[in-house]
Amino acid sequence: MAAVSGTQFQQHMEDDEDDFQDACDTEGPTPSCSMDLEAALAEAKLGVNLFFNNKFTEAEALMKPWATSSMYHSVGNSVFAYLEAMLTFEQQHIAAASDALKQCLTVCGRFRKKNTLTETIGKTFKKVNYDQYTDVEAHAELCTAEAMLLKAMLTFIEDETLTSLIKGGMKIRNCFAMYKECHNILTQRQWESESSRVHFESGVKMGLGTFNLMISLLPGRVIKLLEFIGFSGNKQSGMQDLVAGSQSLGIRQVLCVMTLLGYNLIVCYVLSHKEGDLNFCDDLLAKQLKQYPDGVWFLFFKGRLEFMKGNLDEALMWYKKSWKSQNVWPQFHHLCFWELLWVNCLRLDWRESLLFATYLVEHSKWSRTIYTYQKASIMCMMKRSDLTSTELRTLDGLMKEVPKYKQRIAGKSLPMEKFACKKTERFFAQQSFLYVPALELMYLWNLFKILGKHFPLADGVFRIVEENLNELEARQQKKASSPLTPYDVDNKALLLLLKGAILRQMNSPLQALKCLETVVSMFKDLKEDLYLVPYAIVEIALIYVDQGKKEQAILALEDAKRNYSGYSLESRLHFRIHTALIDLKGKSYENIPAGAD
């Protein structure tokens, strides 16, 4: 990234703030919109129902005409634009979303309470009288917080520089402060309308609940930094807010449900060693699918639920239902194809998974580097004798293309993309060969958890690893009189890590420990794959957890956390270490309760 002088940086920040505004100071004419708050909420509720029933065009048509004058219509319109930007990653849609959110902030600003200079200064020294807010002004605060959050998130993809990263973080901090203020408004004023209060409450629960839950997942060193600048994360409070919001009749009830499903079915599996609450998700989905039987989002989550249960055939069925339920946003199909790719990998159906991997490479713009490497990895799992000469050339071509699409955000490469590029170098250094690269990716995406649900799944993967390990050892014995090839130790350590991880899932702890401890002993001989050792230590810690050896588990996790650094995918492992230590130590970060001043 090009150097930025202090003056340029300050100017860039000031320009953005002028553009973004604080929204509290937004001035504008009193809206001429004749639609009152109750009518706007009713239409917004209708729009939500249309949207989650896959009637995207009708929902957008309902929101758009009033987007310049009604805050709820403006929020709805900007949410549709934001989702399209996130699904496509196309510059034109990102720009359109940015414009819609700017417009939304302007509309919301017209309805917000205007404070005189005296009142603004007074807020610093005395308790605010929230009864001075009208219902409309209260909802304007909440809608502004929501628009600010979306605008902040969009900042990260609009301009992938360190400056934008900092600006986005500052906007999110301001947004968090606004949600806490909305909590005060909710609890410290008399409401003119009970319906208005219920809708407002569901938004506060959704916002604060999501903030608290997600911040609590971050590693301790990040938490401390965030608390220094005004953030805090209380997991228990976050879950309580979201569950309460999911049971309300408010307009954002369905968003609370979506957040809970996303946390339990995706976040828990990617960022921790734990499982989500699958029974709770079953109950949530039964209710939502009754209301939205063809809704693409809930069909997708139903597929994810069955996937996490290890019911692969059912997962395939639900993902395909989700994929085929709508064509307005074909980009949403890519989420289903990603999942279908991995379901088929766990079924060891490499040909079927290759179909979905190919489609993602050709049509999705999220990460061409990862998609290309995934496709190549799946091809590597097939015997070379089963690949045509054209496919062999394609495999080499894919590996050459992987580094071409590598992205940089805030001047840094994405960890998984960087990992993929290193693996392509290894592929060519080993005469167009890698050991079980798709299984390695399955492990890194934390999909081995699913192997423990059904013994045949684990056994199939175990047999592949064992076969490769035997081949490697046989080849080394033949070369006993000559030096080992440069990556032999790395390859053996990888296979032993995977074998140990699978054995843990197959409830064979002693055999698993033997494999994993061997990996740790190989640390000094590793040439490149240093990540294998801390990952192996965490696997050992999880075996201790399963055996009830709490103190030994903590020592192993602290060892992996403190004594290893600079390896591939380090942050990914630190998330999992953090959640494991919280469980073992009963430690949480609750310095500032949710909703507190």
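> What is the right way to look at empty space enclosed by the protein in this model?
If a probe as big as a water molecule is rolled over the atoms, it shows which places are left empty. Applying the stated rule across the entire model yields two cavities of 30 Å³ or more. Approximately 40 Å³ is the volume found for the largest cavity. Lining the largest cavity, in full, are Y373, K423, R426, L434, Y435, P437, E440, N491 and L494. Those elements that place two or more of their residues in the lining of the largest cavity are α20 (415-429), α21 (437-444) and α24 (488-505). Looking at the lining of the largest cavity, its residues break down into five nonpolar, one polar and three charged. Its volume calculated, the second largest cavity comes out at about 40 Å³. Lining the second largest cavity are F419, K422, K423, E528, D529 and S568.

> Teacher, can you tell me more about the state of the cysteines here?
Simply put, disulfide is the name for a covalent bond between the sulfur atoms of two cysteines. Applying the stated criterion across every chain, the model contains zero disulfides. Cysteine C108 shares no disulfide, and the gap to the nearest cysteine sulfur, in C104, comes to 4.0 Å. What makes C108 buried here is its relative accessible area of 0%.

> Whenever I open this one, the side chain of E137 confuses me. Can you help?
Counting through the fold element by element, E137 comes out in helix α7 (residues 135-158). No salt bridge is formed by the buried E137; the nearest opposite charge belongs to K113, separated by 4.9 Å. The residues touching E137, leaving out its near neighbours within four places in the chain, are F111, R112, K113 and Q132.

> Where do I start with unusual backbone geometry in this structure?
A negative phi angle characterises most non-glycine residues, just as the trans form characterises most peptide bonds. Even without glycine at this site, L348 takes up a positive phi of about 60°. Tracing the backbone through its elements, the reader meets L348 in the loop between α16 (332-346) and α17 (350-363). One non-glycine residue with positive phi stands out, namely S432, at about 60°. Residue position: S432 is located in the loop between α20 and α21. When its relative accessible area of 15% is taken as the criterion, S432 is described as buried.

> Looking at this structure, how should I read the pattern of salt bridges?
Opposite charge on two side chains allows them to pair when their charged atoms are near. Inspection of every chain in the model, using the stated rule, returns 29 salt bridges. Salt-bridge contacts for E440 lead to K423; the nearest nitrogen and oxygen are separated by 3.2 Å. Residue E440 is found in helix α21, and its partner K423 is found in helix α20; the two are separated by 17 residues along the sequence. Residue K423 is classed as buried on the basis of its relative accessible area of 4%. Via salt bridges that share partners, K423, R426, E440, D490, E528 and D529 belong to a single interconnected network.

Conventions we followed
Residues numbered from 1 in each chain as written. Predicted model: local features only at pLDDT ≥ 70, side-chain atom pairs only at ≥ 80, totals over all residues. Heavy atoms only, no water. 1 Å grid on protein atoms, 1.4 Å probe; cavity = no way out; pocket = protein on both sides within 12 Å on 5 of 7 lines; lining within 4 Å. Points joined across faces, edges and corners; volume = space filled by probe spheres on them. Helix = DSSP H or I, 4+ residues; strand = E, 2+ residues; numbered from the N terminus. Nonpolar A, V, L, I, M, F, W, Y, C, P; charged D, E, K, R; others polar. Disulfide = S-S within 2.5 Å. Buried < 20%, exposed > 50% of the residue type's maximum accessible area, 1.4 Å probe, protein only. Lys, Arg positive; Asp, Glu negative; His and termini not counted. Salt bridge = Lys/Arg side-chain N within 4 Å of Asp/Glu carboxyl O. Contact = heavy atoms within 4.5 Å.

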